[in-house]
Amino acid sequence: MISNHLDKLKLAIGKATCVKKQIGKGYWRQLWDIVRLPGRSPSCNVWDYYDFRLYDEDFVAPDTLVEFAGSSIQEDISQALNPRSIAAPGWDKLVCMAILRGEAFTFSKLKAVYRPRGGIPSYVPCALTSSDETMRFLRNRSNYPMFTKPSYGQGGVGSFLLSDYDVQSDRITHSNGTSELVQDFVGRVLFQTASPFHQVESGYLFQDVIDQHRAINAFQGREAVSGLRVVVLNDPAGPKVLLVTWKLAMGSNVTDNFTLGAYGNLVARVNLETGRADFAVNAMWPDAEQLFKHPVTGNSFAEFTIPFWREALDAATAAARFFPLMRIQHWDVVVTNAGPVFLELNELGGTQIHQMGGQGILTHELREFILAYGNLDKRPLLREACLAGRTAKG
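Not measured: the values here are computed from a predicted model.

**A word on the packing of aromatic side chains**
Next up, step 1: Taken as a whole and judged by the stated rule, the model has 22 aromatic pairs.
Next up, step 2: With a centroid separation of 6.2 Å and an interplanar angle of 45°, the aromatic rings of Phe323 and Trp331 are classed as tilted. Take Phe323 and Trp331: they sit in the same class, and that class is buried.
Next up, step 3: Taken together through their ring pairs, the aromatic side chains of Phe105, Phe107, Phe322, Phe323, Trp331 and Phe342 make up a single cluster.

**Quick look at helix H6 (residues 131-138)**
Next up, step 1: What H6 keeps buried is the set Thr134, Met135, Phe137 and Leu138. Around the axis of H6, the buried residues are gathered within 155° of arc, so they sit on the same side.

**A short note on the pairing of strand E14 (residues 339-346)**
The two faces of a sheet get side chains in turn, since along a regular strand they alternate between them.
Next up, step 1: Of all 8 residues in E14, 8 are buried; the element is thus mostly enclosed.
Next up, step 2: Judged from the 7 bridges that link them, strand E13 (residues 328-336) and E14 form a sheet pairing that is antiparallel. Within the sheet, the bridge partner assigned to His330 lies in E14 and is Asn346.
Next up, step 3: Turn length for the E13-E14 hairpin, with the two strands adjacent in sequence and antiparallel, is 2 residues.

**Some thoughts on helix H4 (residues 74-81)**
Next up, step 1: For H4, every residue scored as buried is listed here: Gln74, Ile77, Ser78, Ala80 and Leu81. Down the axis of H4, the buried side of the element spans an arc of 165°, and every buried residue falls inside it.
Next up, step 2: Elements in contact with the buried residues of H4: E13, helix H10 (364-373) and helix H11 (380-391).

**Re the environment of Ala312**
Next up, step 1: Here Ala312 is to be found in helix H9 (residues 309-320).
Next up, step 2: Ala312 sits 28 residues away from Pro340 along the chain, and the two C-alpha atoms are 5.3 Å apart.
Next up, step 3: Filtering out sequence-adjacent residues up to four positions away, Ala312 remains in contact with Leu228, Val333 and Pro340.

**Focus: unusual backbone geometry**
Next up, step 1: Residue Pro145 follows Tyr144 across a cis peptide bond; omega there is -5°.
Next up, step 2: Looking at the element boundaries, Pro145 is found in the loop between H6 and strand E3 (146-150).
Next up, step 3: Phi at Thr259 is positive, roughly 50°, even though this residue is not glycine.
Next up, step 4: Topologically, Thr259 is positioned in the loop between strand E9 (238-248) and strand E10 (266-270).
Next up, step 5: For Phe308, which is not a glycine, the phi torsion comes out positive at approximately 50°.
Next up, step 6: Relative to the helices and strands, Phe308 is located in the loop between strand E12 (290-291) and H9.
Next up, step 7: Note on Phe308: relative accessible area 29%, which makes it partly exposed.

**Considerations on the layout of surface pockets**
Next up, step 1: Computed from the structure, the second largest pocket encloses a volume of approximately 530 Å³.
Next up, step 2: Along the wall of the second largest pocket there are 36 residues; nearest its centre are Phe147, Val225, Val254, Thr255 and Leu343.
Next up, step 3: Its residues assigned to classes, the lining of the second largest pocket shows 10 nonpolar, 15 polar and 11 charged.

**Brief notes about empty space enclosed by the protein**
Next up, step 1: Scanning the entire structure with this criterion turns up 2 cavities of 30 Å³ or more.
Next up, step 2: Volume-wise, the largest cavity comes out at about 70 Å³.
Next up, step 3: If you trace the largest cavity, you find it lined by Lys25, Asp33, Leu37, Arg40, Tyr49, Leu54, Glu57, Val60, Pro62 and Leu65.
Next up, step 4: For the lining of the largest cavity, the leading source of residues is helix H2 (residues 27-40), giving 3 residues.
Next up, step 5: Grouping the amino acids of the lining of the largest cavity by side-chain chemistry returns 6 nonpolar, no polar and 4 charged.
Next up, step 6: Taken together, Val267, Ala268, Arg269, Phe279, Ala280, Val281, Ile353, Met356 and Gly357 make up the full set of residues lining the second largest cavity.
Next up, step 7: When contributions to the lining of the second largest cavity are tallied by element, the ones reaching two or more residues are E10 and strand E11 (280-281).
Next up, step 8: For the lining of the second largest cavity, the residue count by class is 7 nonpolar, 1 polar and 1 charged.

**Considering the nonpolar core**
Next up, step 1: Counting residues in hydrophobic clusters, the biggest one holds 44 residues, and the most contacted among them are Leu228, Val230, Trp246 and Trp331.
Next up, step 2: At 7 residues, H9 tops the list of elements feeding residues into this core.
Next up, step 3: Residue contacts for Val230: discarding those within four places in its chain leaves Val241, Leu243, Val244, Leu313, Ala316, Gln329, His330, Trp331 and Val333.
Next up, step 4: Counting residues in hydrophobic clusters, the runner-up holds 24 residues, among them Cys44, Leu65, Val267 and Val281.

**A word on the side chain of Ser78**
Next up, step 1: Inspection of the secondary structure assignment puts Ser78 in helix H4.
Next up, step 2: Engagement of the side chain of Ser78 in a polar contact is seen with the side chain of His330, the distance being 3.4 Å.
Next up, step 3: Polar contacts involving the side chain of Ser78 include one to the main-chain carbonyl oxygen of Glu347, which spans 2.9 Å.
Next up, step 4: For Ser78, the residues in contact, after removing those within four places along its chain, are Arg84, Ile328, His330, Glu347, Leu348 and Gly349.

Thresholds applied
Residues numbered from 1 in each chain as written. Predicted model: local features only at pLDDT ≥ 70, side-chain atom pairs only at ≥ 80, totals over all residues. Heavy atoms only, no water. Phe/Tyr/Trp six-rings, centres within 6.5 Å; stacked < 30°, edge-to-face > 60°. Buried < 20%, exposed > 50% of the residue type's maximum accessible area, 1.4 Å probe, protein only. Helix = DSSP H or I, 4+ residues; strand = E, 2+ residues; numbered from the N terminus. Arc of directions from axis to C-beta. Pairing = 2+ DSSP bridges. Contact = heavy atoms within 4.5 Å. 1 Å grid on protein atoms, 1.4 Å probe; cavity = no way out; pocket = protein on both sides within 12 Å on 5 of 7 lines; lining within 4 Å. Points joined across faces, edges and corners; volume = space filled by probe spheres on them. Nonpolar A, V, L, I, M, F, W, Y, C, P; charged D, E, K, R; others polar. Core = buried A, V, L, I, M, F, W, Y, C linked by side-chain atoms within 4.5 Å. Polar contact = N/O pair within 3.5 Å; in protein donor to acceptor, adjacent residues only side chain to side chain.

Take a look at the structure:
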């Protein structure tokens, strides 16, 4: 316990030292900020102060601190607005696809689905219910390349981009050049729960690799999927887009998940009116960089308009209507040459990725929405954070 506290203290001192070097704000001024922070942004703590760059008044205006949702209420926002009884489509991708199938929505095309106990919809091209069937599927080179992921899951856990299969060695080749035996892949992925977000019984999806829009590929200098996280609020008057963040995959990463900056991917808040982002961020502050140009291609974010922008927003709001009691929805959308394609619906959408660029997620609109439709009985901190906006003096 003592060691853990010492580690946290060292981490905090390290961040404080970094801030002092970067903007010249001394330790005592930072400490005074942190002491006052709960009164200005009730849900934020010392880590949020550094992670969101709240220490820099030139980056985050003091009167907007109340709009930042701290890490302590990240899950509370979705759980307060979405009754547990209707959250399943936000966790199980196959359930979501089944509900929206037949409507004017496009999902990443399925090649096959593995489910150990069956229950695979008839429209799935290849139903797999055993490890032997799955290995036969994986040994068919005509099925490559493919993207694979758990049906029940979030955060990119258990996702892989498989590029080829070698018959002689019986090995699958991953997009990063590594390989493994088919039997090892099946045993590792299908039968071992990687995290609480991966439930084996719900199965595993094998999908076509999405052909992303050529303009996005040119902008980032690679074909890896860099999707949009579209946050939709859903009230009785109808769904409305709250905000959009563009997640850009970097290096050899096969997913665009930010994961607190652990993998070097970028996030950029997109202007709803223009479909453009001013800049991107590549990590949590104060270790992050504010990137006005893509670090690989040198292309300017502010000069690039995301293709099919209005169509992507319209698709998310249209799909949201099919889940009327799910008050907040986090849609992952990829733009292709033919238009927007859904990857999945997330029920617990991370709040950090939307707040890295100097803007909070707890806008007046969202605060009032939570107060009107959220179950706040056991979430006093979330209630306080929402009510604080009504009395904030700036």
